[in-house]
Amino acid sequence: MNNPTNKYIQLNSDQETVMSLNTGKHIVTAPPGTGKTELLAQRTINALQAENIKSMLCLTFTNRAAREMLDRIDQRPLGKNYLFVGSIHGFCSYYLHSNQLIPSQTILLDEEDSKQLMKECLTTDLPSEVDFDQLLKINAYIKRISKQISPDILMDIDSDLLGQWETVCKEYEAKKSSSLFLDFDDLLTLSYLALKTNPHQVYDWIQVDEAQDVNLFQWNIIG
């Protein structure tokens, strides 16, 4: 990828320290606009050139951020080196498909698709005003409990809402299953369960951009 903007930044002493770290676990904190993403891109290139780094996972918070990261990487992996750059959901989708853990014809629902399918599961005796974002969180909670996922990695849900929406959530899950649909939370849940029982992918190097936006459940998938 030849891009005139992909030039190494002049590193200060703190950035040089970060660049030199090659073992252990580290957190880099800095204000916006101070070159964190560019620094991570440079670390990626350096790692891919290292003989002991054969596979690298670079996670970002959004697909847009992943594209920006790729735009900054001016040397692509060669030979046996492997690099994945993407969001946590993108990685989970890749992981599930590449290990044939879901059917190849599976269709991923985006947030609007999920809300529309959930709306189709509502009945006339339920409230006309529904917070579908909250309802999808409730569905995720119920689903993870049913799969015996430890409560310490679940979001907090008002217990009064569970009984009210449980039937709707079961119908939503049934509709997805019959149509080979998966939503964003399915990607996380299925990947977590698979990695917990039988890890299929181990990376020599894992790097997370905007780590403050990664929730505890996602950290359990990464780690």
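A brief report on the enclosed structure follows.

### A closer look at the pairing of strand S2 (residues 82–87)
At step 1: The buried fraction of S2 is high, at five of six residues.
At step 2: Of the pairings in the sheet, the one linking strand S1 (residues 55–60) to S2 comprises six bridges and is parallel in character. Among the inter-strand pairings, leucine 57 is bridged to a residue of S2, identified as phenylalanine 84.

### Quick word on the environment of aspartate 158
At step 1: Looking at the element boundaries, aspartate 158 is found in the loop between helix H6 (132–146) and helix H7 (159–179).
At step 2: Owing to a relative accessible area of 41%, aspartate 158 belongs among the partly exposed residues under this scheme.
At step 3: Taking C-alpha positions, aspartate 158 is 8.8 Å from isoleucine 138, a pair spaced 20 residues apart along the chain.

### Considerations on H6
At step 1: Between its first and last C-alpha, H6 extends 21 Å over 15 residues, near the 21 Å set by a 1.5 Å rise per residue.
At step 2: Packing partners of the buried residues in H6 comprise helix H5 (111–120), H7, helix H8 (184–197) and helix H9 (216–222).
At step 3: The opening residue of H6, the one whose side-chain oxygen lies 3.2 Å from the backbone nitrogen of aspartate 133, is aspartate 131.
At step 4: Once H6 finishes, glutamine 148 follows within two positions and takes phi at roughly 60 degrees, a positive value.

Rules of the game
- Residues numbered from 1 in each chain as written.
- Predicted model: local features only at pLDDT ≥ 70, side-chain atom pairs only at ≥ 80, totals over all residues.
- Heavy atoms only, no water.
- Buried < 20%, exposed > 50% of the residue type's maximum accessible area, 1.4 Å probe, protein only.
- Helix = DSSP H or I, 4+ residues; strand = E, 2+ residues; numbered from the N terminus.
- Pairing = 2+ DSSP bridges.
- Expected span 1.5 Å × (residues − 1).
- Contact = heavy atoms within 4.5 Å.
- Polar contact = N/O pair within 3.5 Å; in protein donor to acceptor, adjacent residues only side chain to side chain.

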